[in-house]
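Residues per chain are reported as follows:
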Amino acid sequence: MSAPDTESGAMQIKTDYRRYIFRKIAFITACVVVVVILSVLSCAAGDREIPFWHVFEIIWNNINGITYEIGTNAWWDDYIVCSIRLPRIVIGIIAGASLALGGITMQSLLKNPLADPYITGISSGACFGAVAAIVMGMTFSAIASDAGIMANAFIGSLVPALMIILISRRVRSSPATMVLAGTAISYFFNALTTLIMVSADENKLATAYRWQIGTLENAVWDQIPLMLVITVAGMVLLLLVSSRLNVLSLGDDNATSLGLNVTRFRTFSLILLSVMTAAIISYTGIIGFVGLIAPHMVRMIIGSDNRYLIPASMAFGAALIVGTDIIARIIVSGGIPVGVILSFLGGPMLLYLILRQKKSYGEVQS
Amino acid sequence: MISPKYASLHRAYETMISKKVLFIVFCVTIAILMMVLSVSIGSYKISFIDSFKVIIDHMLGNPVDRQDLHVIWNLRMPRAIMAVFAGAGLATGGAVMQSMMRNPLADPYIMGISSGASLGATISIILGISLIPGFTGDLSIILNAFLLSMIPVAVIVLFTKHRSLSPIMMILIGLSIMFIFGATTTLLKLLANPGQLAEAYMWGIGTLGRATWENIIPVAVLTSICMVLLFRFSNSLNILAMGDRNAVSSGVDPKRKRMYYLIIVSLMTATIVSFTGPIGFVGLVCPNIVRQFIGSDNRFLIPCSAAFGSLFLICADSVSKTVSVVNMPVGVVMALVGGPLFVSILLRMNKNSWA
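1. Remarks on the overall build of chain B
Right, on to step 1. Along its length, chain B carries 15 helices and 0 strands.
Right, on to step 2. Principal-axis analysis of the C-alpha atoms gives chain B an extent of 65 × 50 × 35 Å.
Right, on to step 3. Relative to its full complement of 355 residues, chain B shows a buried share of 56%.
Right, on to step 4. Contacts spanning at least 24 positions in sequence make up 77% of the contacts within chain B whose residues lie at least 6 apart.
Right, on to step 5. Accessible surface, chain B as shown: approximately 15,000 Å² in total, 67% of it carbon and sulfur.
Right, on to step 6. A distance of 15 Å separates the average location of the 25 positive side-chain charges in chain B from that of its 13 negative side-chain charges.

Given below as structure tokens:
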């Protein structure tokens with residue numbers, strides 16, 4: 001092959017590569033744009049309909065500190081958009097991004113395409129901790145109020161997380177075994193949660209129940225700072241170690257020979273994930289499947305390069321929760337929690353992932 | 001005639017077998033004892049001897065104190081018998097599933113059967129719809145629960161028509177159906193008023209408290225038939241547990257057999273669960289405990305799991321009857337006991353014990 005040919009070949013590869021990168025970045029941008037559009041749409045839609053473009057004006061005015069006379073139309077608009085709908089959307093975005101990140105990290109940590117904080121039982125553990133704190137006023141830790149609930153949720157989520165660490169260390173378990181173990185663990189915690197809730201009275205049960213499913217209904221601004229801080233800190237830490245995640249995907253033995261302390265790294269990451277999951281769960285209840293749906297959908301579109309997969313999944317997860325919340329709030333009258341709609345999406349998604357596999361996850365790996 | 005060369009080997013084999021048989025006899029004896037004992041346990045105080053007398057007197061036709069009779073004969077006896085059959089059935093189902101799926105964590109309960117039952121009951125409680133028209137009340141709850149808990153296995157059978165499924169895929173299909181059922185149940189519960197919600201919620205936990213003389217009959221009959229069938233298949237289950245290739249070379253069609261056993265197990269579990277509500281962990285924990293003592297030979301594992309499952313469920317039910325301070329159905333007790341046991345089993349599992 002002559003020199004000019006090689007050169008043009010190289011040029012060709014370069015342009016191909018650029019196009020390849022460009023497509024991924026375009027996808028991420030598209031996801032972010034969708035999140036913004038959905039958020040504004042979510043602000044605009046509802047029982048009190050507000051024109052789409054008017055939402056920007058209301059938010060802008062609110063930021064500039066314009067106040068209205070109580071009871072006027074403008075005051076109501078401002079109140080509904082900024083105090084009711086906006087916190088809900090912000091929490092939705094944070095939760096979506098964080099849970100999607102959790103899913104994607106667990107999938108590469110455990111080398112298990114079905115892993116997700118929900119399926120492995122971490123969410124159920126967190127939920128049990130939070131419910132114990134709320135219903136019984138019982139705390140495993142002495143910190144008061146919101147932070148106390150969150151701390152409890154974290155302690156609850158540690159149990160499944162430790163279990164997973166132990167299983168992944170002792171048994172070279174197949175993905176299916178991990179999922180089965182996770183199901184059993186979440187069954188255990190759900191029974192405990194149920195026990196606590198049944199001992200509550202009937203009316204309390206209905207409230208607690210709605211909460212347990214995963215909903216953004218109770219969102220207020222006060223919840224956001226703590227949740228945001230923990231989530232952002234967790235994200236930054238996880239993004240910092242994402243190169244090690246790539247190393248881990250080469251397999252435990254190879255990663256060790258490349259100088260990675262696999263066990264310590266896995267333990268550290270899972271505990272970090274527990275903190276992040278607990279921070280979300282203690283405000284929203286169990287929102288399942290985001291960590292499963294978002295990364296897999298994104299992977300189908302842009303492939304599994306972690307550098308792009310992680311931000312894209314986070315944006316996609318946020319869009320997913322905000323979008324399903326619109327459905328939950330508006331299309332279905334009476335409002336159903338987002339968690340339910342996500343499980344309707346997640347069950348079939350799981351089924352699809354299983355059936356798509358040509359070779360099963362099964363046959364216990366040796 | 002055994003040649004003297006193999007006599008010692010033969011003796012060793014006999015000892016091994018007799019040990020296993022002894023263990024089974026031991027389990028059965030304790031299960032029977034606990035069953036009798038559990039009749040005298042509960043919030044209505046009556047001594048062990050007295051409760052025994054009530055039963056004997058009533059059977060012989062002698063007059064008995066009406067209140068004693070009601071508590072012992074109409075409430076506690078059916079409950080204890082239900083516990084025996086439910087425990088035996090669920091544990092047998094677990095043992096069979098684990099052998100044929102070659103996975104120590106397989107359990108018919110996890111495969112969508114329980115969540116199907118919950119969904120069926122919830123449809124009946126909240127929407128008041130009976131899937132088989134013409135039934136109302138408790139009967140429609142039971143029938144709905146039974147019908148829907150058979151759906152996962154039906155779906156798996158349909159899938160196998162189009163492509164061959166590995167055991168793990170079967171389990172995971174069951175799991176994903178479980179999630180879909182769970183979401184539907186949740187949706188229905190949201191539509192309910194607080195009273196209905198509490199009822200559906202309580203149904204979803206699993207209790208033996210609903211047992212009556214009438215409704216233990218179908219459970220007893222179906223569970224017994226299925227258990228006998230499964231026990232008769234224990235040899236080919238042993239072959240299945242060696243893996244599909246070995247099974248084929250031994251002349252067993254693994255795919256067909258597996259389907260066949262799956263249907264039997266589902267039928268049995270669905271019957272139990274539609275009367276008691278979901279009681280978890282029996283099928284997961286009992287066979288694995290038994291396995292520690294007598295190994296994985298299905299000829300012994302199945303009867304022994306059945307006996308141990310009965311024993312386990314009766315004990316759990318006795319605990320739930322004793323702890324009357326909080327409302328603690330047997331499903332919760334099972335989860336509280338079974339959860340930690342499950343964890344310890346999981347941690348003991350090593351690479352070599354399974355495949």
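2. Side note on the overall build of chain A
Right, on to step 1. Looking only at helices and strands, chain A has 14 helices and 0 strands in total.
Right, on to step 2. Seen in sequence order, chain A has helices and strands lined up from the N terminus as α-α-α-α-α-α-α-α-α-α-α-α-α-α.
Right, on to step 3. Burial statistics for chain A: of 366 residues in total, 56% are counted as buried.
Right, on to step 4. In chain A, the share of contacts with a sequence separation of at least 24, taken over all contacts with a separation of at least 6, comes to 75%.
Right, on to step 5. For chain A, the exposed area adds up to about 15,900 Å²; of that, 64% sits on carbon and sulfur atoms.

3. Brief notes about the pattern of salt bridges
Right, on to step 1. One pass over the structure, following the stated rule, counts 5 salt bridges over all chains.
Right, on to step 2. With a closest N to O distance of 2.9 Å, A:Arg88 and A:Asp325 form a salt bridge. Taken together, the positions of A:Arg88 in helix H3 (residues 73-109) and A:Asp325 in helix H13 (residues 306-331) put the pair 237 residues apart, joining distant regions of the chain.
Right, on to step 3. A:Arg88 sits in the buried class, given a relative accessible area of 13%.
Right, on to step 4. Between B:Arg299 and B:Asp297 there is a salt bridge, and its shortest N-O distance comes to 2.7 Å.
Right, on to step 5. Using a relative accessible area of 32% as the deciding quantity, one classes B:Arg299 as partly exposed.
Right, on to step 6. Overall, the relative accessible area of 17% leaves B:Asp297 in the buried class.

4. Considering the environment of A:Phe52
All names here are of chain A.
Right, on to step 1. You can see Phe52 is positioned in helix H2 (residues 52-63).
Right, on to step 2. For Phe52, a relative accessible area of 26% puts it in the partly exposed group.
Right, on to step 3. In this structure, the C-alpha to C-alpha distance between Phe52 and Leu41, residues 11 residues apart in sequence, is 6.5 Å.
Right, on to step 4. Excluding residues within four positions of it along the chain, Phe52 makes contact with Ile37, Val40, Leu41 and Ala44.

5. Considering the packing of helix H13 (residues 282-294) of chain B against helix H14 (residues 298-322) of chain B
Packed helices, taken two at a time, are described by the angle between their axes plus the distance between the axes.
Residue and element names in this part refer to chain B.
Right, on to step 1. Packing of H13 against H14 leaves a shortest axis separation of 9 Å and a crossing angle of 125°. Judged by the inter-axis angle, H13 sits oblique to H14. The interaxial crossing formed by H13 with H14 has right-handed handedness. The residues of H14 that touch H13, namely those facing Val282, Val285, Cys286, Pro287, Ile289, Val290, Arg291 and Ile294, are Phe300, Leu301, Cys304, Ser305, Phe308, Gly309, Phe312 and Leu313.

6. Re the packing of aromatic side chains
Right, on to step 1. All told, the structure shown has 22 aromatic pairs over all chains when counted by the stated rule.
Right, on to step 2. Relative to A:Phe56, the ring of A:Phe52 lies with its centre 6.2 Å away and its plane at 75°, an arrangement referred to as edge-to-face. Note that A:Phe52 and A:Phe56 are positioned in helix H2 at a spacing of 4 residues, about one turn of the helix.
Right, on to step 3. Look at A:Phe289 and B:Phe179: their rings are 5.0 Å apart centre to centre, the planes differ by 90°, and that puts the pair in the edge-to-face class. Taken as a pair, A:Phe289 in the loop between helix H11 (262-284) and helix H12 (290-302) and B:Phe179 in helix H7 (residues 167-191) lie in two separate chains rather than in one. Of the two residues, A:Phe289 and B:Phe179, both sit in the buried class.
Right, on to step 4. Ring pairs connect the aromatic residues A:Phe52, A:Trp53 and A:Phe56, which therefore count as one cluster.

7. Considering the nonpolar core
Generally speaking, nonpolar side chains in soluble globular proteins are found buried as a group.
Right, on to step 1. Within the largest apolar cluster, 214 residues are counted, with the highest numbers of intra-cluster contacts made by B:Met100, B:Leu262, B:Phe281 and B:Phe342.
Right, on to step 2. If you tally residues by element for this core, the top one is helix H6 (residues 175-199) of chain A, at 15 residues.
Right, on to step 3. Counting 16 residues, the second-largest nonpolar core is a separate cluster that includes A:Val35, A:Ala44, A:Cys82 and A:Ile89.

8. Quick look at the confidence of the model for chain B
Residues and elements named next belong to chain B.
Right, on to step 1. Model confidence for chain B is summarised by a mean pLDDT of 85, while 96% of its residues fall at 70 or above.
Right, on to step 2. Below pLDDT 50 for its whole length, residues 351-355 participates in 7 contacts with residues either more than four positions away or in separate chains.
Right, on to step 3. This prediction of the complex comes with two scores: 0.83 for pTM and 0.77 for ipTM.

9. A few points about the interface of chain B and chain A
Right, on to step 1. Residue-level contacts link 53 residues of chain B with 51 residues of chain A.
Right, on to step 2. Between chain B and chain A, roughly 4,600 Å² of surface is buried when both sides are summed, and carbon and sulfur atoms account for 81% of that area.
Right, on to step 3. For the interface between chain B and chain A, the tally reads 0 salt bridges.
Right, on to step 4. There are 1 residue pair in polar contact (both at pLDDT 80 or more) connecting chain B and chain A.
Right, on to step 5. Secondary-structure elements contributing two or more residues to the side of chain B that touches chain A are helix H4 (109-127), H7, helix H8 (194-203) and helix H15 (330-348) of chain B.
Right, on to step 6. For the side of chain B that touches chain A, the residue count by class is 39 nonpolar, 10 polar and 4 charged.

10. Some thoughts on H15(B)
Right, on to step 1. Over its 19 residues, H15(B) runs 26 Å from end to end, which matches the ideal 27 Å to within 8%, given 1.5 Å per residue.
Right, on to step 2. The sharpest bend along H15(B) comes to roughly 30°, located at B:Gly338, with the proline B:Pro340 sitting one to four residues further on.

11. With respect to the environment of A:Asn261
All names here are of chain A.
Right, on to step 1. Following the sequence through the fold, Asn261 ends up in the loop between helix H10 (252-257) and H11.
Right, on to step 2. Take Asn261: its relative accessible area is 38%, and that puts it in the partly exposed class.
Right, on to step 3. Along the backbone, Asn261 and Leu248 are 13 residues apart, and their C-alpha atoms lie at a distance of 9.9 Å.

12. With respect to the packing of H3(A) against H11(A)
Residue and element names in this part refer to chain A.
Right, on to step 1. The N-to-C vectors of H3 and H11 enclose an angle of 155°; their axes lie 10 Å apart at closest approach. In terms of their interaxial angle, H3 and H11 are classed as roughly antiparallel. Between H3 and H11 lies a crossing whose hand is left-handed. For the pair formed by H3 and H11, the contact residues are Ile91, Ile94, Ala95, Ser98, Leu99, Leu101, Gly102, Thr105, Met106 and Leu109 on the first element and Phe265, Arg266, Ser269, Leu270, Leu273, Met276, Ile280 and Thr284 on the second.
Right, on to step 2. Broken down by class, the residue content of the contact of H3 with H11 amounts to 12 nonpolar, 5 polar and 1 charged.

Parameters and conventions
- Residues numbered from 1 in each chain as written.
- Chains lettered and ligands numbered in written order.
- Predicted model: local features only at pLDDT ≥ 70, side-chain atom pairs only at ≥ 80, totals over all residues.
- Heavy atoms only, no water.
- Helix = DSSP H or I, 4+ residues; strand = E, 2+ residues; numbered from the N terminus.
- Buried < 20%, exposed > 50% of the residue type's maximum accessible area, 1.4 Å probe, protein only.
- Contact = heavy atoms within 4.5 Å.
- Areas by Shrake-Rupley, 256 points an atom, 1.4 Å probe, with all protein chains shown as cover.
- Lys, Arg positive; Asp, Glu negative; His and termini not counted.
- Charge placed at Lys NZ, Arg CZ, Asp CG, Glu CD.
- Salt bridge = Lys/Arg side-chain N within 4 Å of Asp/Glu carboxyl O.
- Axes fitted to C-alpha atoms, helices over the stretch in contact; angles between N-to-C directions.
- Parallel < 35°, antiparallel > 145°, perpendicular 65-115°, else oblique.
- Left-handed = near helix turned anticlockwise from the far one by under 90°.
- Phe/Tyr/Trp six-rings, centres within 6.5 Å; stacked < 30°, edge-to-face > 60°.
- Core = buried A, V, L, I, M, F, W, Y, C linked by side-chain atoms within 4.5 Å.
- pLDDT = per-residue confidence, 0-100.
- Buried area = accessible area lost by both parts, 1.4 Å probe.
- Polar contact = N/O pair within 3.5 Å; in protein donor to acceptor, adjacent residues only side chain to side chain.
- Nonpolar A, V, L, I, M, F, W, Y, C, P; charged D, E, K, R; others polar.
- Expected span 1.5 Å × (residues − 1).
- Bend = angle between axes of the 7 residues up to and from the residue.

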